[in-house]
Amino acid sequence: MGEVEPGADVRVALPRTVNGAVDAMTATPDAQYLAGGTDFCVEVNFGLRRPPAVVCLRRVAELRRAEVTPTEVVIGAGTTYADMGTGSLADALPALAAAARTVGSPQIRNAGTIGGNVATASPAGDTLPLLTALDARVRVLGPGAEREMGIDELVTGVKRTALEPQELVISIRVPRLDGPQQFLKVGTRNAMVIAIASAAVVLDLEARRVRAAFGSVGPVPVRPRQAEDELSDAIDWGRLSASEAAIERFGELAAQACSPITDHRSTAAYRRRAVEVVAARGLRRCLRDVA
Amino acid sequence: MSRSSAPVATRPAARTRPRAGIGADAARPDGVPKVRGEFAFSSDLWMDGMLWGRTLRSPHVSARIVAVDPSPALAIPGVRAVVTAADVPGRPTYGLEEPDQPVFASEVVRYHGEPIAAVAADHPETARAGVRAIEVVYEPLEPVVDAERALRAPPLHPDGNLFRHLVIRHGDLDATGDVVVEGTYEVGMQDQAFMGPESGLAVPADDGGVDLYVATQWLHVDRDQIAASLGLPAERVRLHLAGVGGAFGGREDVSLQIHLCLLALGTGRPVKMVYSRDESFFGHVHRHPAKMWFRHHATRGGDLVKVEARIVLDGGAYLSSSNAVISNAACFAPGPYKVPNALIDAYAVRTNNPPCGAMRGFGSVQVCYGHEAQMDKLAAALGMDPVELRLHNALERFDRLVTGQVLTGTVPVRECIRAAMAHPLPPAPSLLDPPMARPGGAGLSADHADVRRGVGIAVSLKNVGYSEGFDDYATARVRLEAGVGGEPVATVVAATAEVGQGFVTIAQQIVREELGVADVLLAPAGTTDIGSAGSSSASRQTWMSGGAIQLACVAIRRQLIARAAASWGCSHASVEWDAGEAVHEGTGERRGLAALLADGAVEAEHEHHHRPTVPLDADGQGDAHLSVMVAAHRAVVDVDPGLGLVKVVQVTTGQDVGHALNPTQVTGQIEGGIAQGVGLAVMEEIVLDEGRVKNPSFTDYLVPTTLDMPAVAATFVEEPEPDAPYGAKGVGEPPVISSGPAVLAAIRDATGLALTRAPVRPEDIALAGQST
Ligand SMILES: Cc1cc2nc3c(=O)[nH]c(=O)nc-3n(C[C@H](O)[C@H](O)[C@H](O)COP(=O)(O)OP(=O)(O)OC[C@H]3O[C@@H](n4cnc5c(N)ncnc54)[C@H](O)[C@@H]3O)c2cc1C
């Protein structure tokens, strides 16, 4: 990766269209996309990245568009947390709104975008559990070609994605399901904290399925398939209830699905326990909401 | 210049109070500029043609330095100088108590982040590149990061691994009680976490000296250490206080001062340095982590019989103020209680952890976690109410500390406890509470049913000022003259560091009170024009610099009275001072400041020494302390035991302030101190892995946000301190001492867990009883 000389000017492209953005990227080999800058600039300050050129995405109107249809929600990559936390987007995806409201501080929520969160692909990225639980699809534009992939295909590891260097995330398509959804995040501080563990839990009333995913407890968001299967069978979908034993079992299986690490933020054992607790609580809330 | 160590009279009963004098909620002179972002902090310093400095720091915790080669850095265009240990012309080391810390490490590295070299370059990025280019060959060594192990390990430094061993033997050491409780406690490493990172600007001067603009807590002691290492006479090193963005003890030690001056003198150009946030975590000392054992003896009736304690503070790689911190920890280990017999065995130890030194509360904080947990344990063993037990054993005026010192000042322990308890409790947690108000906050991780309420109390004792025979003093000069329009204007010259505590406000209030002048200017603080003010620490500046200003004003008043007496042809004795005017006692004639100043300005300087203290003897006995401050805190917490998360709901306090000279500022100190105390109780800790700092950022070193801050209700307990100017004690430190222990007590109450370690981590609660 190229690096700028100390004190040298950084070249800045200010495209207004998605094609313009990809063209600017293609024309400048070592350029990088810059959205809200809330991950980007932290890395610059730490000396971890020094691109000689940036392609700014703020003026690309198409990236800021969000659309709610009867079957899906299409969220432009430039949509901010502040946008996700209120209005029609929040009505359509309340758990994403809840996740958005946990991100950083008001300043960060005004600047940070969902596209940046997805492209950063941090295990602690707070939009990722819900997007993963709902099998969201990501539209990506590269030089000459557009493609679409599942969020689980895009996020491949700790801060690693399947994006090619010049590819631009345009939007994220999230299916609309009939049923409640919850997001819970665990951190040592009551606000502005990186998740030690997080959970998205969704009930799909039509398909009679439970969906869930957990953050910060593995290199990529964890989908607890066995827990989902067992609980989907255990729920009385007619009365929309489940036994307390089944709910606790869901928590246990969820914890088993995770592969957390011990680091300076917490221990693997605590993260596992936290998932067990928030998975069960999220499920209880979903059942309560719908009852 | 006058000089006194005599007690200073409390406030004269002024008949007409000047506006914004003593006791008023005077506004800070720097308040509006700070709120508007117009106040210049040290990081805003700028000079045309200046260079940017940056420090190379050791990536190793412990290593032998085989070679340092600056030449690749010097080959980079724009790099103007590299300085290493070889370039220090004077004393190669510095230190607050003893100079045991190298300006740059040359042979051995003793902690993660120790400075090796500094670079000056045209651009901050070039300086960064220069730092990266310096070639250092290290031979890593096995670090010693456990204090107990260090006591037995080969010396990590020529001065050895034991900084100080202090034993307090008091009363009958064989005494025992009917009821005995024992416990071990641990406190993690807290950081001062000031918002304004270390920064300064050094400007070389024509006389071969240097002017340094810097954010610090004690200008003169910085100057003396810098001058020694530069090999310059002190008067050629001129320090000027730049805007300080918080300190809390973390700016008492030298950080970038000597490096900056070396670079400026080496290049002949002004050099600026600003630490980045992560570097700041390596650039200053922290609060000592502590391991403590206590055994309390009491009669069945609840009288404390004896306190035994063993306290080990990890001082890290260099001494800093460890000797004074361990003294406080030992002296105040029993807390604010009558303890007839005590055996306290206290150690401050050198390890390869980051150096630890001064931080708000200074040794009292750590032991408070121990003695207050013990008091609760004892109350449980006695079947007594914990508040009752504390009231029963509370120190009173003329009681003795375990050092044998009789407390001749005010000690309103009971009053503080009662005041803290008198505030109404908050409403019980409810289904209707906003979900964000529950433990877990914005993460919405808890429902109402998951929450347990707990209440705890803790009480603390700490000294004001420096102890053990240190001849502490502060200097101030006041000048009173007619301003441009003839109106009187006073100017205060003092080297007192305003670090956010509000000294600038108090200084103005004192002058207004004493001289009846509305307009009070503060000259910039520096070393060129006035003697030392001492440190802005130990809750001492209102007493010390405030006292110096007060006495300078008294001297000015005497001169004004002399002028009035001369003009009336009467004796000084027949002139009185009243409401900013001289009054002839016989005729009732009055003379205002404007008239009195017609003959020219009046000026007085005063060096204020407090009553002498003495060193502790071989048994830890002696009148080592000037005065003590008491605080009591009651904390109410909501805990989510499933996740181990805590919301501190309310902290109430009764604080022994002597006399609240500015109630708003006292409240500010109380609220800020409680935030810092709550932080240590539930989140603030420098996480170390074999001496390596794992969380040097505000992403991972968590300090409380507004959602973590409890409601605070405070009562000032005002019993004027006989020795102190206006009867005012210090107010800065007590709020941080027992607030955290009260929070821990409340979490224990909510969960039934022992919780012997601060900060409490979520896993300490959620996984209690489970090996992790
Ligand atoms: C104080 C603070 C608190 C934070 N708290 C949280 C938190 O609680 N939870 C959380 O999840 N995150 C948090 N973050 C991280 C950050 O806010 C999010 O990850 C944010 O979503 C990043 O978006 P951005 O628009 O700022 O991206 P940028 O920083 O501009 O970019 C991030 C990366 O994504 C790439 N990129 C951006 N947009 C696109 C695109 N459309 N196509 C392709 N690549 C793209 C950039 O090239 C860059 O590599 C925090 C950050 C800070 C500074």
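Position numbers for residues count from 1 along each chain, tracking the sequence in the order it is written. Numbering of ligands from 1 and lettering of chains from A proceed in the order in which they are written. Local features in this predicted model are restricted to residues whose pLDDT is 70 or higher, and side-chain atom pairs enter the listing and the counts only when it is 80 or higher, whereas totals over whole chains, interfaces and linings include all residues. Derived side-chain values reflect all non-hydrogen atoms in the structure, with water molecules and hydrogen atoms excluded from consideration.

Novice: Could you give an account of the domain arrangement of chain B, with specific residues and numbers?
Specialist: Residues and elements named next belong to chain B. Where each domain starts and ends follows an automatic or database-derived domain assignment. What the domain assignment reports for chain B is domain 1 (15–39 + 473–609), domain 2 (42–142 + 200–244 + 251–274) and domain 3 (290–467 + 616–766). Computed from C-alpha coordinates alone, the two centres of domain 1 and domain 3 are separated by 37 Å. By the convention used here, residues are in contact when the closest approach between their heavy atoms is within 4.5 Å. Contact with domain 1, which involves 25 residues of that partner, is made by 27 residues of domain 3. Carbon and sulfur atoms supply 59% of the area buried between domain 1 and domain 3, which totals about 1,800 Å² over both sides. A pairing counts as a salt bridge when a side-chain nitrogen of Lys or Arg comes within 4 Å of a carboxyl oxygen of Asp or Glu. Counting across the interface, domain 1 meets domain 3 through 0 salt bridges. What counts as buried area is the accessible surface, traced by a 1.4 Å probe, that two parts surrender upon association, with contributions from both included.

Novice: Account for the side chain of R287(B), naming residues and giving values.
Specialist: All names here are of chain B. Helix numbers and strand numbers start at the N terminus; a helix is a DSSP run of H or I with at least 4 residues, a strand a run of E with at least 2. Topologically, R287 is positioned in the loop between α7 (277–283) and β16 (290–298). For the exposure calls, accessible area comes from a 1.4 Å probe over protein chains only, and a residue counts as buried if that area is under 20% of its type's maximum, exposed if over 50%, partly exposed in between. None of His or the chain ends enter the tally, which takes Lys and Arg as positive and Asp and Glu as negative. Here R287 is buried and forms no salt bridge, its nearest opposite-charge partner E733 lying at an N-O distance of 7.1 Å. Within the local environment of R287, its side chain forms a polar contact with the backbone oxygen of R360, the two atoms lying 2.8 Å apart. Not counting the four nearest positions on each side in its chain, R287 is found in contact with M189, Q190, C356, M359, R360, G361, F362, V365, Q366, L680 and V736. Two N or O atoms count as a polar contact when they lie within 3.5 Å, although within protein this holds only if one can serve as hydrogen donor and the other as acceptor, and sequence-adjacent residues are included solely when both atoms are side-chain atoms.

Novice: Describe in detail the sheet that holds strand β32 (residues 757–758) of chain B, supporting the description with residues and values.
Specialist: Residues and elements named next belong to chain B. Strand order across the open sheet formed by 6 strands is β10-β18-β17-β16-β11-β32, with mixed pairing between neighbours. Two strands lie at the open edges of the sheet, namely β10 (162–170) and β32, each paired on one side alone. Bridge count for strand β17 (residues 304–316) against strand β18 (residues 341–350) is 10 bridges, and the pairing is parallel. If you follow V307 over to β18, its bridge partner there is A342. Strand pairing is assigned whenever DSSP identifies at least 2 bridges connecting the two strands.

Novice: Describe the packing of helix α10 (residues 225–234) of chain A against helix α11 (residues 244–257) of chain A, naming the residues involved and giving the relevant values.
Specialist: All names here are of chain A. Inter-axis angles, ranging from 0 to 180 degrees, are taken between N-to-C directions of lines fitted to C-alpha atoms, where helices are fitted over the stretch in contact. Here α10 crosses α11 at 170°, and the two axes come no closer than 8 Å. Taken together, the axes of α10 and α11 lie roughly antiparallel to each other. Side by side, α10 and α11 meet where Q226, A227, E228, E230, L231 and A234 of the first sit next to A246, I247, R249, F250, L253 and A254 of the second. Here the term charged refers only to Asp, Glu, Lys and Arg, the term nonpolar to Ala, Val, Leu, Ile, Met, Phe, Trp, Tyr, Cys and Pro, and the term polar to all other amino acids, Gly among them. Tallied by class, residues from the contact of α10 with α11 come to 8 nonpolar, 1 polar and 3 charged. Oblique is the label for any angle not covered by the other classes, which are roughly parallel (under 35 degrees), roughly antiparallel (over 145) and roughly perpendicular (65 to 115).

Novice: Give a detailed account of the nonpolar core, specifying residues and quantitative values.
Specialist: The term nonpolar core refers to a set of buried residues drawn from Ala, Val, Leu, Ile, Met, Phe, Trp, Tyr and Cys, joined through side-chain atoms within 4.5 Å. Core analysis: the biggest nonpolar cluster contains 96 residues, and I311(B), I344(B), V743(B) and I747(B) have the highest contact counts within it. With 9 residues, helix α9 (residues 364–382) of chain B is the largest single contributor of residues to this core. Those residues in contact with I311(B) that sit more than four places away from it in its chain are K291(B), M292(B), I326(B), A329(B), A330(B), A333(B), I344(B), D345(B), A346(B), Y347(B) and V367(B). If you look at the next biggest cluster of nonpolar residues, it comprises 52 residues, including L63(A), A92(A), L141(A) and I151(A).

Novice: Summarise the state of the cysteines; cite the residues concerned and give the values.
Specialist: Cysteine sulfur atoms are paired as a disulfide whenever they fall within 2.5 Å. For the structure shown, the criterion picks out 0 disulfides over all chains. Free of any disulfide, C258(A) has its nearest neighbouring cysteine sulfur in C286(A), separated by 17 Å.

Novice: Residues and numbers for a nonpolar patch on the surface, please.
Specialist: Residues and elements named next belong to chain A. Here a patch means residues that are over 30% exposed by relative accessible area and free of salt bridges, tied together within 9 Å if like-charged and within 5 Å if nonpolar (Val, Leu, Ile, Met, Phe, Trp, Tyr). Surface exposure here means Shrake-Rupley accessible area, sampled with a 1.4 Å probe, where a residue is shielded only by the protein chains that are shown. Judged by side-chain polarity, V10, V12 and L14 come together as a nonpolar surface patch covering roughly 240 Å² of accessible area. By secondary structure assignment, the location of V12 is in strand β1 (residues 11–13). Of the residues examined, V12 reaches a relative accessible area of 52% and is grouped as exposed.

Novice: Explain the pattern of salt bridges residue by residue, including any values.
Specialist: In this structure the tally under the stated criterion is 63 salt bridges over all chains. For the salt bridge of R80(B) with D122(B), the shortest nitrogen-to-oxygen distance reads 2.7 Å. Residue R80(B) is located in strand β4 (residues 79–84), and its partner D122(B) is located in the loop between β8 (115–121) and α3 (124–133); the two are separated by 42 residues in the primary sequence. Take D122(B): its relative accessible area is 34%, and that puts it in the partly exposed class. Measuring nitrogen to oxygen at the nearest pair gives 3.1 Å for the salt bridge that ties D224(B) to R223(B). For D224(B), a relative accessible area of 40% corresponds to the partly exposed category. One salt-bridge network, held together by shared partners, links D135(A), R209(A), R211(A), R223(A), E228(A) and D229(A).

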